[in-house]
Amino acid sequence: MTFLLVILAFASPVLAAPGHRAALVVGKMFATVDGQLRKLDAAPFVKEGRVFLPVRYLACALGVPEKGVSWAGKTQTVALNLRDKRDITVKLTVGDKNMTVIDGPGEGVSAQFIVFRTVQMDVAPLLKNGRTYLPARFVAEAFGYEVGWDGGRQAVIIGQPGQVPEVPAAAGAAGNKPASESISREDSFVFDVLGDSKILPGRETWQGNRVLAEAVERINRDNPALVVYLGDGVDQGGPVENLLAFRKYLLKLRSPWYPVIGNHELIRGAEAGGRAGDGESNFLRVFADKLPFKGRSYYSFDYRNSHFIVLDTAWQNGEGPKEGELRPGSQQWEWLRHDLAGARVRSRHIFIFGHKPPVSPFHCGGPDTVSNLPDGHGSSWGEPEAAVEFMQMVASYHVDAVFSGHIHMFNRMDIQGVPYFITAGAGANLYAPPESGGYYHYLRCRVDGDQVGYEVVKLPVPE
């Protein structure tokens, strides 16, 4: 059994508030809370390697008051809200593996500092005998609990960080797998990154279309946990049918996927005929189901032990509206700083994705490179000072890697201990010879506990 969490189902709503310690044996109608034996009126059950609990018991175990639990029958969505030192709301929908966490710093703080993240679970809430059951581990971790598993007793232990014993290498509650082996699986997963296809709608023989189709097929063979597309999926963001045609390719992915807005999504998209303006409104419309905040193209989400941050760097050429740029003082900048601070506390790994790279392998005037940094590197950002401050912030929060597209090639540069990847080889015309990274490809990333590895997967050149 994976690194399980069981939150106690008490007969009384007076349950262990955060900071208490509890243990439960799977399938049994009792629990131990702060050393006291308690009877339960419903035992947790295991399905797909996860422990499920009824909403009311789970909420009470987390210290969520009765008034903090709400149920929307029309959408079958449950929300748990806990206002303590922080204001945290967790939303889950029956049958949906995505959990939304809204983490607010408290009263009197601007809404722009609220962190809105999506946690991708490997199981979904379900209905059983007329009651809604939630996968306990994911919900509890959203509220800051730490989890332990006593395989000898088949018991799950929960508590505050630092108060839970290490998971022993004993048999788990499902499948008789050693706990150490289960933890390894829990902390190991693969995600793929690609970008810059610039497809043409209805032109299936166009190189961008063909390379992207090949990439999707090979990624499906990888069966990654998730896929991030780094922008410039289309040559022009208008008319809106262009983006709809691109989305059809991503819908063929068998893994969950996440879009990044690129500068070519901005081109000629404001009017229905695509004659003028920018296509940001088209992007927000076509990918509305992927964007947690309405009208905002940057967001973040968690997956297992890792935090993923998707930025909007499409306007970084210095020629667009100032409010669209990622720069010190902007709303996106302050959101990013706040998001990084929260992620650093709860996540083992942090990955950042954007379209235009803050650092380029070329100097100003080279392919898609518009400025030079003080250290001599080029940048695709029009304000090199913003790029420098961004890289300093990334280093200070110990980000594992930054992924960008825009420059049609593969490149890696390590700056202040952080690898900066350019992976923009999903079909657009290449900017370098093969020996310098000019080849069609996507990037396969493997998280294995504390370690992260990267592998370039080359794609064939269209005939």
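On a predicted model such as this, the values are computed, not experimentally measured, just so you know. (Residues numbered from 1 in each chain as written. Predicted model: local features only at pLDDT ≥ 70, side-chain atom pairs only at ≥ 80, totals over all residues. Heavy atoms only, no water.)

A word on the sheet that holds strand E12 (residues 131-135)
Spatially, E4-E5-E12-E11 is the arrangement adopted by the four strands of the open sheet, whose pairing is antiparallel. Every other strand in the sheet has two partners, leaving strand E4 (45-47) and strand E11 (126-128) as the edge strands with one partner each. Across this sheet, the average inter-strand angle for adjacent strands is 45 degrees, counted without regard to direction. As paired elements, strand E5 (residues 50-54) and E12 share three bridges and run antiparallel to each other. Note on E12: the bridge partner recorded for Pro54 is Tyr133. (Pairing = 2+ DSSP bridges. Helix = DSSP H or I, 4+ residues; strand = E, 2+ residues; numbered from the N terminus. Axes fitted to C-alpha atoms, helices over the stretch in contact; angles between N-to-C directions.)

Remarks on the pairing of E5
The element E5 is largely enclosed, with a buried count of five among its five residues. Across the two faces of E5 the burial is the same, with Arg50, Phe52 and Pro54 and Val51 and Leu53 all buried. Here three bridges tie E4 to E5, and the two strands are oriented antiparallel to one another. Opposite Lys47, over in E5, you have Arg50 as the bridge partner. Hairpin connection from E4 to E5: two residues lie between these consecutive antiparallel strands, with Glu48 at a positive phi of about 55 degrees. (Buried < 20%, exposed > 50% of the residue type's maximum accessible area, 1.4 Å probe, protein only.)

Here we look at the pattern of salt bridges
For the coordinates displayed, the defined rule picks out eleven salt bridges. Of the charged contacts, one joins Asp302 and Arg117 as a salt bridge, the two residues approaching to 2.2 Å between their closest N and O atoms. Separated by 185 residues along the polypeptide, Asp302 in strand E18 (residues 299-303) and Arg117 in strand E10 (residues 115-120) bring together distant segments of the chain. Overall, Asp302 belongs to the buried group, its relative accessible area being 6%. (Salt bridge = Lys/Arg side-chain N within 4 Å of Asp/Glu carboxyl O.)

Some thoughts on helix H8 (residues 384-396)
Helical periodicity: at 3.6 residues per turn, an α-helix aligns residues three or four positions apart in one direction. Given a rise of 1.5 Å per residue, 13 residues ought to cover 18 Å, and the 18 Å separating the end C-alpha atoms of H8 matches this to within 8%. Buried within H8 we find Pro384, Ala386, Ala387, Phe390, Met391, Met393, Val394 and Ala395. Count one or two residues on from H8 and you reach His398, which has phi positive near 55 degrees. (Expected span 1.5 Å × (residues − 1).)

Some details on unusual backbone geometry
With an omega dihedral of 5 degrees, the bond running from Gly238 to Pro239 counts as a cis peptide bond. With respect to the helices and strands, the residue Pro239 is situated in the loop between strand E16 (226-229) and helix H5 (240-250). The phi angle at Asp196 is positive, at roughly 65 degrees, despite the residue not being glycine. Its location among the elements puts Asp196 in the loop between strand E15 (188-194) and helix H4 (207-222). At His398, a residue that is not glycine, the phi angle is positive and equals roughly 55 degrees. For His398, a relative accessible area of 56% translates into the label exposed.

Remarks on the pairing of strand E6 (residues 69-72)
Bridging between E6 and strand E7 (residues 77-83) involves four bridges; their strand directions are antiparallel. Following the sheet pairing, Trp71 is matched in E7 by Val78. Counted along the chain from E6 to the antiparallel partner E7, the turn is four residues long, and its residue Gln76 has a positive phi close to 55 degrees.

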